[in-house]
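Notes for the structure review
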Amino acid sequence: MTHDYLISLIRTAVPAAVGALLAWLAAEAGIVLDAESGTALTAGVVALAMAGYYALVRVAEARWPRLGILLGTPAPPKYEVSGR
């Protein structure tokens, strides 16, 4: 259980880091917003970048399982249903 939990955390944190990196690269490229709308728009763009990256890697991972490493670990967690 602990191993799968750690895998799920890694596979959540890596897309967040990629989204933040893309936002930083946009700022370095000179894409600047006004102060009023900047914070909300930046948060939205980071969230969309995270979701898009995660979705793209999961689709690619379904065809080429080794690409799962792009989410931080090559294997998705395996959840077991406890027998009740």
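Quick look at the overall build of the protein chain
- Helices and strands together make up the secondary structure of the protein chain, namely two helices and zero strands.
- Sorting the 84 residues of the protein chain into buried and exposed places 21% on the buried side.
- The long-range share in the protein chain, meaning contacts at least 24 apart out of those at least 6 apart in sequence, stands at 67%.
- Accessible surface, the protein chain as shown: approximately 6400 Å² in total, 70% of it carbon and sulfur.

A short note on the pattern of salt bridges
- Here the structure, examined in full by the defined rule, presents two salt bridges.
- Note that Arg11 is salt-bridged to Glu61, the shortest N-O span being 2.8 Å. Of this pair, Arg11 sits in helix α1 (residues 2–28) while Glu61 sits in helix α2 (residues 35–63); the two residues are 50 residues apart in sequence, bridging distant segments of the chain. As far as the burial class goes, Arg11 and Glu61 line up, both buried.
- We note a salt bridge from Glu61 to Arg58, for which the minimum N-O separation is 3.1 Å. One end of the pair, Glu61, and the other, Arg58, are both in helix α2, three residues apart, so they sit about a helical turn from each other.
- Owing to a relative accessible area of 8%, Glu61 belongs among the buried residues under this scheme.
- Residues joined by salt bridges that share partners form a network here, namely Arg11, Arg58 and Glu61.

A few points about a nonpolar patch on the surface
- A cluster of nonpolar side chains, Leu21, Leu22, Trp24 and Leu25, forms an exposed patch at the surface whose accessible area comes to about 400 Å².
- Relative to the assigned elements, Leu22 resides in helix α1.

Side note on α1
- The end-to-end C-alpha separation of α1 is 38 Å, in line with the 39 Å expected for 27 residues at 1.5 Å each.
- Listed as buried for α1 are Asp4, Ile7, Ser8, Arg11, Pro15, Val18 and Gly19.
- Positive phi shows up at Gly30, right after α1, with a value of about 95 degrees.

Cut-off values and rules
- Residues numbered from 1 in each chain as written.
- Predicted model: local features only at pLDDT ≥ 70, side-chain atom pairs only at ≥ 80, totals over all residues.
- Heavy atoms only, no water.
- Helix = DSSP H or I, 4+ residues; strand = E, 2+ residues; numbered from the N terminus.
- Buried < 20%, exposed > 50% of the residue type's maximum accessible area, 1.4 Å probe, protein only.
- Contact = heavy atoms within 4.5 Å.
- Areas by Shrake-Rupley, 256 points an atom, 1.4 Å probe, with all protein chains shown as cover.
- Salt bridge = Lys/Arg side-chain N within 4 Å of Asp/Glu carboxyl O.
- Patch = residues over 30% accessible without salt bridge, like charges linked within 9 Å, V, L, I, M, F, W, Y side chains within 5 Å.
- Expected span 1.5 Å × (residues − 1).

It is worth stressing that arrangement in space is one thing and function is another; only the former is reported here.
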